[in-house]
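# Working through the structure, step by step
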Amino acid sequence: MEPVDSIDYLADAEPAPGRLALVERFVNTVDFEHGREVLSEPERLRAILGLEQEIRIGQADLRRALEVREALRSLALANNGGEADPQAHAVLERAAARGRLVIRFGESGAELVPVSRDVDGALADLVGVVYTATADGTWSRLKACRRDVCHWVFYDRSRNRSAVWCRMAVCGNRIKTRAYRERRATPPARSGRR
């Protein structure tokens, strides 16, 4: 993977609402199709997760972050009719435990917040965002593109929640073109009569 500072794919698309945009931005730090990776070294987590300068970040932190990222992508793919990695929930549960997610009550209601203020806390915060989005019904709209080389995460703003590709003009068109070519290349089935 080529290390990059950012990936501008779908930069013109409206992000997911509220704090769910943090999850969308975090998961979209890799471009599988073009081999680009934002989280290529531990220090890159600082900007992506909004961590303070004095927090130390190591290789183990990066490994955990990448594991959480792919667990979140797996669940977003399941939101789009795909199969979730059986380990995804366990990964996110461990992240929530490591960051010590707790419920805080305030004047505007309750929220899940991490006790830890390090990488583990930031990852737990993302898990808390997913929990809250699940409760308010927005999580099921955060999907990973069905195209096997893409899996870019996007927020489905369609009225009937039927979007399956990150962008119809790119991934949707490529899948439909491939299906068309496969149909044309396959000879028609012969009937059993002579």
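What counts and how
Residues numbered from 1 in each chain as written. Predicted model: local features only at pLDDT ≥ 70, side-chain atom pairs only at ≥ 80, totals over all residues. Heavy atoms only, no water. Pairing = 2+ DSSP bridges. Helix = DSSP H or I, 4+ residues; strand = E, 2+ residues; numbered from the N terminus. Core = buried A, V, L, I, M, F, W, Y, C linked by side-chain atoms within 4.5 Å. Buried < 20%, exposed > 50% of the residue type's maximum accessible area, 1.4 Å probe, protein only. Contact = heavy atoms within 4.5 Å. Salt bridge = Lys/Arg side-chain N within 4 Å of Asp/Glu carboxyl O. Disulfide = S-S within 2.5 Å. Axes fitted to C-alpha atoms, helices over the stretch in contact; angles between N-to-C directions. Parallel < 35°, antiparallel > 145°, perpendicular 65-115°, else oblique. Left-handed = near helix turned anticlockwise from the far one by under 90°. Nonpolar A, V, L, I, M, F, W, Y, C, P; charged D, E, K, R; others polar.

Time to look at the pairing of strand β4 (residues 101-106). Both β4 and strand β5 (residues 109-114) contribute to a ladder of six bridges, which runs antiparallel. What sits directly across from arginine 104, in β5, is glutamate 111. From the end of β4 to the start of β5, which pair antiparallel, there are two residues.

A few words now on the nonpolar core. Of all hydrophobic cores here, the largest spans 48 residues; its most connected members are Leu20, Val23, Phe26 and Leu49. Elements with a minimum of two residues in this core: α1 (20-27), α2 (44-49), α3 (59-78), α4 (88-98), α5 (119-136), β6 (142-144) and β7 (153-155). Discounting residues that sit within four places of it in the chain, leucine 20 has contacts with Val129, Ala133, Thr138, Trp139, Leu142 and Tyr155.

Below, the discussion takes up the pattern of salt bridges. The final tally for this structure, using the stated rule, is 14 salt bridges. For the salt bridge of aspartate 5 with arginine 44, the shortest nitrogen-to-oxygen distance reads 3.2 Å. With aspartate 5 in the loop between β1 (2-3) and α1 and arginine 44 in helix α2, this residue pair connects regions lying 39 residues apart in the sequence. The salt bridge involving arginine 46 is made with glutamate 43; its shortest N-O contact spans 2.4 Å. Beyond isolated ion pairs, a larger network of salt bridges with shared partners links Glu37, Arg69, Glu70 and Arg73.

Bringing the state of the cysteines into the picture now. Tallying each qualifying case throughout the model produces zero disulfides. With no disulfide of its own, cysteine 150 lies closest to cysteine 166 among cysteine sulfurs, the gap being 3.7 Å. A relative accessible area of 11% means that cysteine 166 is categorised as buried.

This brings us to the packing of α1 against α3. Put simply, α1 and α3 touch, their axes get as near as 9 Å, and they point 110 degrees apart. Between α1 and α3, the crossing angle belongs to the class labelled roughly perpendicular. Judged by the sense of rotation from one axis to the other, the crossing of α1 with α3 is left-handed. Where α1 approaches α3, its residues Val23, Phe26 and Val27 are matched on the opposing element by Ala65, Val68, Arg69, Leu72 and Arg73. In terms of residue class, the contact of α1 with α3 is made up of six nonpolar, no polar and two charged.

Right, let's get into the sheet that holds β1. Taken together, three strands build an open sheet; the order of strands is β1-β3-β2 and the sheet is mixed. This sheet does not close on itself; its edge strands, each paired only once, are β1 and β2 (30-31).

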